Amino acid sequence: MSKTALITGVTGQDGAYLSQLLLEKGYTVYGLMRRSASQEFLTERLKWIGVLDDVNLIHGDLLDLASLIHVVNQVKPDEVYNLAAQTFVHTSFDQPLLTAQVTGVGATHMLEAVRLAAPGAKFYQASSSEMFGKAQEKMQSETTPFYPRSPYAAAKLYAHWITGNYRESYQMHASCGILFNHESPLRGIEFVTRKVTDAVARIKLGQAKTLDLGNLDARRDWGHARDYVRGMWMMLQQPTPDDYVLATGRTVTVRDMTKAAFDHVGLNWEDHVQVSNRLFRPAEVDFLLGDPAKARRVLGWEPTIGLEEMIGEMVDADLERRRQAGDVRARVPA
Ligand code: NAP
Ligand code: F7E
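Residues numbered from 1 in each chain as written. Chains lettered and ligands numbered in written order. Predicted model: local features only at pLDDT ≥ 70, side-chain atom pairs only at ≥ 80, totals over all residues. Heavy atoms only, no water.

S.K.: Looking at this structure, how should I read the overall build of the protein chain?
M.R.: The number of helices and strands found in the protein chain is 12 helices and 13 strands. Taken over the C-alpha trace, the protein chain has a radius of gyration of 19 Å; the compact-globule value for 334 residues is 20 Å, and the two agree within 12%. Taken across its 334 residues, the protein chain has 57% of its residues classed as buried. Within the protein chain, residue pairs in contact and separated by at least 24 positions form 81% of the contacts whose partners lie at least 6 positions apart. Total accessible area on the protein chain stands at roughly 14100 Å², and carbon and sulfur atoms take up 49% of it. Positive and negative side-chain charges of the protein chain, numbering 37 and 40 respectively, have mean locations separated by a distance of 1 Å. (Helix = DSSP H or I, 4+ residues; strand = E, 2+ residues; numbered from the N terminus. Rg over C-alpha atoms; globule rule 2.2 N^0.38 Å. Buried < 20%, exposed > 50% of the residue type's maximum accessible area, 1.4 Å probe, protein only. Contact = heavy atoms within 4.5 Å. Areas by Shrake-Rupley, 256 points an atom, 1.4 Å probe, with all protein chains shown as cover. Lys, Arg positive; Asp, Glu negative; His and termini not counted. Charge placed at Lys NZ, Arg CZ, Asp CG, Glu CD.)

S.K.: Is there a simple way to explain the pairing of strand β4 (residues 79-82) in this structure?
M.R.: In β4, alternate side chains face the same way, and those of E79 and Y81 on one face and V80 and N82 on the other are all buried. Sheet analysis places β4 next to strand β5 (residues 122-128), joined by four bridges and oriented parallel. For V80, the partnering residue across the bridge sits in β5 and is F123. (Pairing = 2+ DSSP bridges.)

S.K.: Would you take a moment to explain the site of ligand 2 for this structure?
M.R.: Taken together, 24 residues form the shell around ligand 2, and within it T87, S128, Y152, R281 and E284 come nearest. With respect to ligand 2, the side chain of S128 contributes an N or O atom lying 2.6 Å from an oxygen atom. Within the side chain of K195, one N or O atom sits 2.8 Å away from an oxygen atom of ligand 2. Across the complex, the protein chains shield 95% of the 700 Å² of accessible surface that ligand 2 would expose by itself. The residue makeup of the shell around ligand 2, split by class, is 11 nonpolar, six polar and seven charged. Taken domain by domain, the shell around ligand 2 gets at least three of its residues from each of domain 1 (4-182 + 222-246) and domain 2 (189-221 + 251-287 + 306-325). (Near = heavy atom within 4 Å. Polar contact = N/O pair within 3.5 Å; in protein donor to acceptor, adjacent residues only side chain to side chain. Nonpolar A, V, L, I, M, F, W, Y, C, P; charged D, E, K, R; others polar. Domains from an automatic or database assignment.)

S.K.: Where do I start with the site of ligand 1 in this structure?
M.R.: The immediate surroundings of ligand 1 are formed by 24 residues, with T11, R34, L83, T87 and Y152 found nearest. Interatomic distance of 2.8 Å between a side-chain N/O atom of K156 and an oxygen atom of ligand 1. Within the side chain of R187, one N or O atom sits 3.1 Å away from a nitrogen atom of ligand 1. Looking at the shell around ligand 1, the elements with two or more residues in it are α1 (13-24), β5 and α7 (151-170). Tallied by class, residues from the shell around ligand 1 come to 10 nonpolar, nine polar and five charged.

S.K.: I'm lost on the sheet that holds strand β11 (residues 243-246) in this one. Help?
M.R.: Hydrogen bonds between backbone atoms are what pair the strands of a sheet, whose relative direction is either parallel or antiparallel. Taken together, seven strands build an open sheet; the order of strands is β3-β2-β1-β4-β5-β6-β11 and the sheet is parallel. Taken across any chain shown, the strands that pair with only one partner, and hence form the sheet edges, are β3 (56-59) and β11. Within the sheet, the average angular offset between the axes of one strand and its neighbour, ignoring direction, is 20°. In the packing of α1 onto the sheet, contacts are made with β1 (4-8), β2 (28-33) and β4, and the angle to β1 comes to roughly 175°. The sheet strands contacting α7 are β5, β6 (174-179) and β11, and the helix crosses β5 at an angle near 155°. (Axes fitted to C-alpha atoms, helices over the stretch in contact; angles between N-to-C directions.)

S.K.: Help me understand the domain arrangement of the protein chain, please; the structure alone is not making it clear to me.
M.R.: By a widespread convention, an interface's size corresponds to the accessible area lost as its parts come together. When cut into domains, the protein chain gives domain 1 (4-182 + 222-246) and domain 2 (189-221 + 251-287 + 306-325). Where domain 1 abuts domain 2, roughly 1900 Å² becomes buried across the two surfaces, and 60% of that area is made up of carbon and sulfur atoms. Between domain 1 and domain 2 we count two salt bridges in total. In this structure, the salt-bridge partner of R226 is E313, at a minimum N-O distance of 3.9 Å. Our enumeration of links across domain 1 and domain 2 arrives at two residue pairs in polar contact (both at pLDDT 80 or more). Elements represented by at least two residues in the side of domain 1 that touches domain 2 include exactly α5 (89-94), β10 (223-224) and α9 (225-236). Here the side of domain 1 that touches domain 2 gets three residues from one element, more than from any other, and that element is α5. Here the side of domain 1 that touches domain 2 is composed, by residue class, of eight nonpolar, seven polar and four charged. (Buried area = accessible area lost by both parts, 1.4 Å probe. Salt bridge = Lys/Arg side-chain N within 4 Å of Asp/Glu carboxyl O.)

S.K.: Is there a simple way to explain the environment of E79 in this structure?
M.R.: Following the sequence through the fold, E79 ends up in strand β4. Take E79: its relative accessible area is 1%, and that puts it in the buried class. Each C-alpha atom, one on E79 and one on G214, is 39 Å from the other, the two residues being 135 residues apart in sequence. In this structure E79 touches K3, T4, A5, L6, Y27, K122, W233, L236 and Q237, once residues within four positions along its chain are discounted. Looking at E79, its side chain comes within polar contact range of the side chain of Y81, at 2.6 Å.

Spelled out as structure tokens, the structure:
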């Protein structure tokens, strides 16, 4: 019997890759999406990855508990992946309450809907390395103390703890993946990797000359979304629920990631990048480096795509998009 999965945040980066993975595994996939006046643009990623016709899209909103209960009742999923959130850290400083509602309380809405309408379903919560914030250990693992540095991270931490609370209180199979940054050609254009690869494409094609960036010294542990959604699925195949870090174990500065993107097309990054104060954050996460030992040991999970290969894939995809005048995402201002 094929399994049924419900993915919230299906229109986002991870939603697209996870849909593809689960469909390949024979799942029936339902994706929760918000109603929008620009519906056709929301499904761009699912279209790009070639699964739009195979995912059953269903309307609902993480802010509306009734809609979630209705959806879970209708779908009766075996597995629920809660990926929906306000995900951009910079925006969370401008919209802290919305971020708290969607990214934090929204997870409780989803847990409640599952508890009431499909209590036997396995649940995945998209926790984040941002919860480590001002990192208290050199390599961050499942046992490292948290120190959130943004409204986004604080909201994710609430969602992380409430998921553990539902696991212990109601014996739900609820797991949290503490995922470090993961990117792809489907990454939102405001995140730094995609902002860089899109700018590199425009500069290479003669459509732009410069790229404004903020803190070049920040370090991140960047992996590929395709590897990370596989880890999400592996967590829900375990007999018991638990929390796992997914990371590569390598940390790189924004400067070196940027250099890699310009190198890919034979350009010198220093000829084009300028630092802009307005792109610095009120509080920065300076250093992240994940320790994925537990995921390797228990799940058998390994990242397979390195930073340079991923950045190259992203630059190539953006060159292609920028050559095609009709691509909508490519017109979003960086
Ligand atoms: P993303 O591309 O920004 O996608 C976010 C998704 O959430 C979109 O589908 C968005 O829908 C949906 N959403 C936002 N508000 C909603 C609401 N009120 N109701 C229903 N859906 C809503 O994010 P991602 O990179 O795929 O990340 C997936 C999850 O992993 C997120 O929870 C993120 O915080 C977490 N995470 C990501 C990373 C990373 O490096 N990518 C690392 C750690 C954790 P619209 O299309 O309508 O906006
Ligand atoms: O920033 C620095 C910025 O916005 C990375 C989300 O998926 O990963 C993501 O959060 C670093 C920061 O990602 C620019 O200051 C410099 O230090 O790509 P980002 P993030 O904040 O790490 C975590 C794991 C999540 O969970 C989040 O949802 O790059 N940086 N200059 C810049 N960042 C941006 N966006 N734009 C710049 O111009």
